[in-house]
Amino acid sequence: MKNQLFRKLSLSELLNQKGTSQFNKTMNSFDLIALGVGAVVGTGIFILPGTVAAVHAGPAIVFSFILATIVCAFSALCYSELSSSIPVAGSAYTYSYVIFGELIAWIIGWSLLLEYGLAVAAVATGWSAYFQSLVEGFGIHVPQALSGPFSPANGTYINLPAIIIILLLASFLSLGMKESNRLNKIMVFIKLGIILLFILVGMFYVKPDNWQPFMPFGFGGILSGAALVIFAYLGFDAVSSAAEEVKNPQRNMPIGIIGTLVICTILYVAVSLVLTGMVPYTELNVGNPVAYAMEMKNLDWVFGVISLGAVISMMTVIFVMLYGGTRLVYSFARDGMLPKVLSEIHPRRKIPLKNTWIYAIFVSLFAGFIPIDKLAELVNIGTLIAFAAVSIGVIFIRKMKIDGLKEGFKVPLFPIVPILSFLLCIFMIVQLSTFTMFTCLIWMIIGLLVYFVYGRTHSVLNKK
């Protein structure tokens, strides 16, 4: 039994797979950065800088973002090494399968499945609310019964816009990665243009006096602010799921992951500086601080553009998380842990087409019928578990002889960086609520049942 539970996947066999199991290698480092920015820069950039500044850090929130970046950078460096050394779809799940064995890999992968699925559903629900608000400005009203998850007491039965946006983006994803990347880059460019518009317009209304005092809550406020804003960065692990579709993973994966982190940090810091300079930080504890700042300066036209930016921002997050989820499910099925139909690659488009639609329909129904407000924090714990596994995986992989291991990026200051990354991930997990921990435990029990009932006996390694 022990040998079964900890049997390891052969990297050389994975890399030598031929025929229909291969993806088209169409992506470069620029495509990866576009994926990363699409996942990380969501509606949080229009909300977090204001609310966290008002309650925790003041104008020194810029230091909170920088500190959060340093914490995430440790994990990003670890991801860079493993994704360039093991350039296979599946992200932390596949890395763990090669390094730690089947049971641990399943637990890590099951955690990531929670992250991707809930992220898509949660963001689609938020997108629905923003979209309805946007179209109401044009006199278009979504019927009450179709505007929210199943809640007869509130007069809602299905969140139709949330379902439609997931299926619409799945249809683009099903065209193939070359076409999907083109759409994602267009949306990311529009999003960046809208953010830059806010920065360039807002900087003319900045009053340096609003930055005084710069650290009203002291260094403790910066730390508590960093603990909150760190969750804005957790989407960058979706970049690593593209490893099997990248032209030169040893070079492009580290550039894509670290480049994502650098660009997103610059954007968050710039928005934070402009926002706290436009309006005193004490006034920013509102639901939409960027819109509030625009109204205070009578810039209603910019407010309209920002609303459009929020809608597009959420679309890119849904798109990238949907992509990451389908590639994770593909990896499960490739290894026999889920039905093989989910790993079938379309002969022309070179994507897991059936998988994409099955996954999208399942997640869209979840978003359409189930209230997920209280479950959104589970996205964080799923990601942090994967971060911790990748961090400790770097230490193990340096000491193991793995046939087929590629020579790629190496984490500097080894083993200090991976150890610090692992400890910081555990620290962030401990900060989460008891409800989140309990719900995650239930999810893990369900995952273990699936593994022992189906995955263990259908595993490709079991058949061998």
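Overview of the structure. Fair warning: this is a prediction, and the values are worked out from it, not measured in the lab.

Considerations on the overall build of the protein chain
Looking only at helices and strands, the protein chain has 18 helices and zero strands in total. Seen through its C-alpha atoms, the protein chain measures out along the principal axes to roughly 70 × 50 × 40 Å. By the burial criterion, 58% of the 464 residues in the protein chain qualify as buried. Residue pairs at least 24 apart in sequence account for 84% of intrachain contacts in the protein chain once pairs closer than 6 positions are excluded. Placing the 29 positive and 20 negative side-chain charges of the protein chain at their respective mean positions leaves the two points 11 Å apart.

Some words on the nonpolar core
If you look at the biggest cluster of nonpolar residues, it comprises 153 residues, and the most contacted ones within it are Tyr79, Ile166, Phe198, Tyr233, Phe236, Ile318 and Leu322. Ranked by the residues each element gives to this core, the list is headed by helix H13 (residues 300–334), at 18 residues. Among residues more than four places away in sequence, those in contact with Leu322 are Val120, Ile166, Leu169, Ala170, Leu173, Tyr359 and Ala360.

Here we look at the pattern of salt bridges
Within this structure, the stated rule accounts for seven salt bridges. In this structure, Glu81 and Arg398 form a salt bridge, with 2.8 Å as the shortest nitrogen-oxygen distance. Of this pair, Glu81 sits in helix H5 (residues 61–85) while Arg398 is found in helix H15 (residues 378–399), placing the two residues 317 residues apart along the sequence. Between Glu244 and Arg334 there is a salt bridge whose closest N-O contact spans 4.0 Å. Pair noted here: Glu244 is in the loop between helix H10 (218–229) and helix H11 (249–278) and Arg334 is in helix H13, with a separation of 90 residues, a long-range link. Within this structure, Glu244, Arg334 and Asp335 form a network of salt bridges that share partners.

Looking at empty space enclosed by the protein
Per the stated rule, a full pass over the model turns up one cavity of 30 Å³ or more. Taken as a whole, the largest cavity spans an internal volume of roughly 60 Å³. Val71, Cys72, Ser75, Ile230, Leu234, Leu384, Phe387, Ser421, Leu424, Cys425 and Met428 together form the lining of the largest cavity. Put simply, the parts of the chain that give the lining of the largest cavity at least two residues each are H5, H15 and helix H16 (416–430).

Let's talk about the packing of H13 against helix H14 (residues 353–369)
Relative to each other, H13 and H14 sit at 120 degrees, their axes nearing to 9 Å. By the angle between their directions, the pair H13 and H14 is classed as oblique. For the element pair H13 and H14, the recorded crossing hand is right-handed. Where H13 abuts H14, its residues Leu322, Gly325, Thr326, Val329 and Tyr330 lie against Asn355, Thr356, Tyr359 and Ala360. Residue classes in the contact of H13 with H14 are distributed as five nonpolar, four polar and no charged.

With respect to helix H12 (residues 289–296)
Inspection of H12 places Pro289, Val290, Ala291, Ala293 and Met294 among the buried residues, and these make up the whole buried set. In this structure, the buried residues of H12 make contact with helix H4 (44–57), helix H9 (177–202), H11 and H13. Once H12 ends, the next one or two residues include Asn298, with phi positive near 55 degrees.

With respect to the state of the cysteines
Counted according to the given criterion, the structure contains zero disulfides. Cysteine Cys264 remains unbridged, with the sulfur of Cys72 as its closest cysteine sulfur at 10 Å. When its relative accessible area of 0% is taken as the criterion, Cys264 is described as buried. The thiol of Cys440 is unpaired, and the distance to the nearest cysteine sulfur, on Cys425, comes to 14 Å.

Here we look at a nonpolar patch on the surface
A surface patch of nonpolar side chains, amounting to about 550 Å² of accessible area, comprises Phe63, Ile66, Ile70, Met215, Phe219 and Leu223. Every element with two or more residues in the nonpolar patch is listed here: H5 and H10. In terms of residue count, the dominant contributor to the nonpolar patch is H5 (three residues). Tracing the backbone through its elements, the reader meets Ile70 in helix H5. The class of Ile70 is partly exposed, set by a relative accessible area of 42%.

Focus: the packing of helix H7 (residues 102–136) against H13
Across the interface, H7 lies against H13 with an axial gap of 8 Å and an inter-helix angle of 155 degrees. Viewed along their axes, H7 and H13 adopt a mutual orientation that is roughly antiparallel. You can see that H7 and H13 cross each other, and the crossing is left-handed. For the contact of H7 with H13, a count of residues per class yields 25 nonpolar, five polar and one charged.

Describing the packing of aromatic side chains
For any pair of aromatic rings, geometry is given as the distance between the ring centres together with the angle between the planes. Scanning the entire structure with this criterion turns up 16 aromatic pairs. Judged by centre distance (4.9 Å) and plane angle (20 degrees), the ring pair of Phe65 and Tyr268 falls under stacked. With Phe65 in helix H5 and Tyr268 in helix H11, the pair connects residues that are 203 residues apart, well separated along the chain. Each member of the pair, Phe65 as well as Tyr268, carries the same accessibility label: buried. Note on Trp110 and Trp443: the rings are 4.5 Å apart at their centroids and 15 degrees apart in plane angle, and the pair reads as stacked.

Let's talk about the environment of Val363
The topology assignment puts Val363 in helix H14. With relative accessibility at 4%, the residue Val363 sits in the buried group. Distance in space between the C-alpha atoms of Val363 and Ala291 is 30 Å, their sequence separation being 72 residues. Look past the residues within four positions of Val363 in its chain and what remains in contact with it is Gly117, Val120, Ala121 and Ile166.

Brief notes about the layout of surface pockets
For the second largest pocket, the calculated volume is near 520 Å³. In terms of lining residues, the second largest pocket is bounded by 21 residues, among which Trp110, Leu113, Tyr359, Phe362 and Trp443 are the most central. For the lining of the second largest pocket, the elements supplying multiple residues, two or more each, are H7, H14 and helix H17 (434–458). Here the lining of the second largest pocket gets six residues from one element, more than from any other, and that element is H14. Residues of the lining of the second largest pocket, tallied by class, amount to 18 nonpolar, three polar and no charged.

Cut-offs applied
- Residues numbered from 1 in each chain as written.
- Predicted model: local features only at pLDDT ≥ 70, side-chain atom pairs only at ≥ 80, totals over all residues.
- Heavy atoms only, no water.
- Helix = DSSP H or I, 4+ residues; strand = E, 2+ residues; numbered from the N terminus.
- Buried < 20%, exposed > 50% of the residue type's maximum accessible area, 1.4 Å probe, protein only.
- Contact = heavy atoms within 4.5 Å.
- Lys, Arg positive; Asp, Glu negative; His and termini not counted.
- Charge placed at Lys NZ, Arg CZ, Asp CG, Glu CD.
- Core = buried A, V, L, I, M, F, W, Y, C linked by side-chain atoms within 4.5 Å.
- Salt bridge = Lys/Arg side-chain N within 4 Å of Asp/Glu carboxyl O.
- 1 Å grid on protein atoms, 1.4 Å probe; cavity = no way out; pocket = protein on both sides within 12 Å on 5 of 7 lines; lining within 4 Å.
- Points joined across faces, edges and corners; volume = space filled by probe spheres on them.
- Axes fitted to C-alpha atoms, helices over the stretch in contact; angles between N-to-C directions.
- Parallel < 35°, antiparallel > 145°, perpendicular 65-115°, else oblique.
- Left-handed = near helix turned anticlockwise from the far one by under 90°.
- Nonpolar A, V, L, I, M, F, W, Y, C, P; charged D, E, K, R; others polar.
- Disulfide = S-S within 2.5 Å.
- Patch = residues over 30% accessible without salt bridge, like charges linked within 9 Å, V, L, I, M, F, W, Y side chains within 5 Å.
- Areas by Shrake-Rupley, 256 points an atom, 1.4 Å probe, with all protein chains shown as cover.
- Phe/Tyr/Trp six-rings, centres within 6.5 Å; stacked < 30°, edge-to-face > 60°.

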